[in-house]
Amino acid sequence: MNWIIGAVCALIVTVFSYFYRFLTSGGAVAAFFMGWLIFSLGKMTFSVPILAFFVSSSLLSKAGKSKKDVLSGYVQKGSRRDARQVLANGLIPTILLLLWHQSQNSTFAALYFVSLASATSDTWATEIGLLSKRSPRSLLHFKEVPKGASGGVTLLGLSGALAGALMIASTVVLSDFSTPSLDVSYKVILIITTSGLIAQTVDSLLGVSFQVKYCCPRCGETIERQTHCTHVKAVRESGWPWLDNDMVNLLSILGGVVFGWIGLEIF
Ligand SMILES: [Zn+2]
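Scope of this entry: the structure provided in the associated data block. Note that the structure is predicted; figures quoted are calculated from it, not measured.

**Details of the packing of helix 2 (residues 25-62) against helix 4 (residues 83-103)**
Remark: helix 2 packs on helix 4, axes separated minimally by 9 Å, with the N-to-C direction vectors making an angle of 40°. Taken together, helix 2 and helix 4 sit at an angle that is classed as oblique. Where helix 2 crosses over helix 4, the two elements pack in a sense that is left-handed. Two secondary-structure elements touch here, helix 2 through Gly 26, Gly 27, Ala 30, Ala 31, Met 34, Leu 37, Ile 38, Leu 41, Gly 42, Phe 46 and Phe 53 and helix 4 through Ala 83, Val 86, Leu 87, Asn 89, Gly 90, Leu 91, Thr 94, Leu 97, Leu 98, Trp 100 and His 101.

Written out as structure tokens, the structure reads:
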């Protein structure tokens, strides 16, 4: 029965997201399977925070769209999330949910929330930071970097990261009332929030240092996508070829989870 309810809920969310152009068709398929698993196994406690992440990020990516479209020649992808982007954000939470389901160990539950706070901080920082009037700066050398470039941070973006982490932490507190067995303490809430900020920092540092950047042979601009100026193939300029924006997201969520795990063990 749970599997049927889970499938229906996942289908409603993904069909809606596809028609409102939050997801590409590939993104919708990936999100459906992930949602099916999480809604079926995790019930309300695990579903509400991931829905909060998904809905808020989708709406934020459409906010100030005309301003963001100006930057879309530079960044890798548009505002519709494809399968790779969905997996980059959802794979680690899904694995942690499965580990929790198999073991019933509350550490995995806490780390599931940590991974969602990390994904939310990253996304909110990017989407809100793009609306900043000031130029972003690199966390590595504090020099200004182009708007929309990976790794640049603004005060507005950092506030977005904090707000995103706090939003997830509050949905966790609310769901804990429905499942008191999870034993979510102030310590866990603090770790969830801090991990979000750590993940955002990892994201910025990787983005500005090792993330792959390309150069368009026609206009000479440094970009993060492989094609530019109507389908001209760009040449790699710096960074590791495999480390694109999606891999940076995945690794920063992993960074948040590792920090969260150490935090849970030490404190
Ligand atoms: Zn170009």
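**Things to note about the coordination of the zinc ion**
The zinc ion binds to the protein through Cys 216 (SG), Cys 219 (SG), His 228 (ND1) and Cys 229 (SG); the donor distances cover 2.0 to 2.3 Å. Note that the zinc ion binds 4 donor atoms; their angles at the metal cover 102 to 115°, and the shape is tetrahedral. Mapping the donors of the zinc ion onto the primary sequence gives the spacing C-x2-C-x8-H-C. Highlighted residues: Cys 216 in the loop between strand 3 (213-215) and strand 4 (222-223) and His 228 in strand 5 (residues 227-228), separated in sequence by 12 residues. Relative accessible area serves as the criterion here: at 11%, His 228 is assigned to the buried category.

**As for empty space enclosed by the protein**
Summed over all chains, the structure comprises 1 cavity of 30 Å³ or more. If you add up the space inside the largest cavity, you get close to 320 Å³. Forming the walls of the largest cavity are 21 residues, and the residues nearest its centre are Ala 31, Ile 50, Phe 53, Phe 54 and Val 86. Mapped by element, the contributors of at least two residues to the lining of the largest cavity are helix 1 (2-19), helix 2 and helix 4.

**A few points about the side chain of Thr 94**
Looking at the element boundaries, Thr 94 is found in helix 4. For Thr 94, the residues in contact, after removing those within four places along its chain, are Met 34, Leu 37 and Ile 38.

**Observations concerning helix 2**
Taking 1.5 Å of rise per residue, 38 residues should cover 56 Å, yet helix 2 covers just 18 Å from first to last C-alpha, more than 12% shy of that figure. The largest bend in helix 2 comes to about 135°, at Lys 43. With its phi angle positive at about 60°, Gly 64 sits one or two positions after the end of helix 2.

**What about the sheet that holds strand 3?**
One open sheet holds the 3 strands; their spatial order is 4-3-7, and the pairing between them is antiparallel. The open sheet has two free edges, formed respectively by strand 4 and strand 7 (235-238), since each of these has just one partner strand. When strand 3 meets strand 4, the two strands line up antiparallel, connected through 2 bridges. Following the sheet pairing, Cys 215 is matched in strand 4 by Thr 222.

**Regarding a nonpolar patch on the surface**
A grouping of Leu 11, Val 15, Phe 16, Tyr 18, Phe 19 and Tyr 20 is seen on the molecular surface, where their side chains present a nonpolar patch of about 660 Å² in accessible area. With respect to the element layout, Tyr 18 can be found in helix 1. Since its relative accessible area comes to 35%, Tyr 18 is described here as partly exposed.

**Some remarks on the pattern of salt bridges**
Pairing between side chains of opposite charge can happen when their charged atoms approach one another. The tally for this structure, following the rule as stated, stands at 4 salt bridges. Salt-bridge contacts for Asp 244 lead to Arg 84; the nearest nitrogen and oxygen are separated by 2.4 Å. Remark: Arg 84 occurs in helix 4 and Asp 244 occurs in the loop between strand 7 and helix 8 (245-266); sequence separation between them is 160 residues. Salt-bridge contacts for Glu 144 lead to Arg 137; the nearest nitrogen and oxygen are separated by 3.5 Å. Look at Arg 137 and you get partly exposed, because its relative accessible area is 39%. A cluster of three or more residues bridged by salt bridges with shared partners is formed by Arg 84, Asp 244 and Asp 246.

Criteria and thresholds
Residues numbered from 1 in each chain as written. Predicted model: local features only at pLDDT ≥ 70, side-chain atom pairs only at ≥ 80, totals over all residues. Heavy atoms only, no water. Axes fitted to C-alpha atoms, helices over the stretch in contact; angles between N-to-C directions. Helix = DSSP H or I, 4+ residues; strand = E, 2+ residues; numbered from the N terminus. Parallel < 35°, antiparallel > 145°, perpendicular 65-115°, else oblique. Left-handed = near helix turned anticlockwise from the far one by under 90°. Contact = heavy atoms within 4.5 Å. Donors = N, O, S within 2.8 Å, 3.2 Å for Na, K, Ca; no water. Tetrahedral: all angles 85-135°; square planar, octahedral: opposite > 155°, others 65-115°. Buried < 20%, exposed > 50% of the residue type's maximum accessible area, 1.4 Å probe, protein only. 1 Å grid on protein atoms, 1.4 Å probe; cavity = no way out; pocket = protein on both sides within 12 Å on 5 of 7 lines; lining within 4 Å. Points joined across faces, edges and corners; volume = space filled by probe spheres on them. Expected span 1.5 Å × (residues − 1). Bend = angle between axes of the 7 residues up to and from the residue. Pairing = 2+ DSSP bridges. Patch = residues over 30% accessible without salt bridge, like charges linked within 9 Å, V, L, I, M, F, W, Y side chains within 5 Å. Areas by Shrake-Rupley, 256 points an atom, 1.4 Å probe, with all protein chains shown as cover. Salt bridge = Lys/Arg side-chain N within 4 Å of Asp/Glu carboxyl O.

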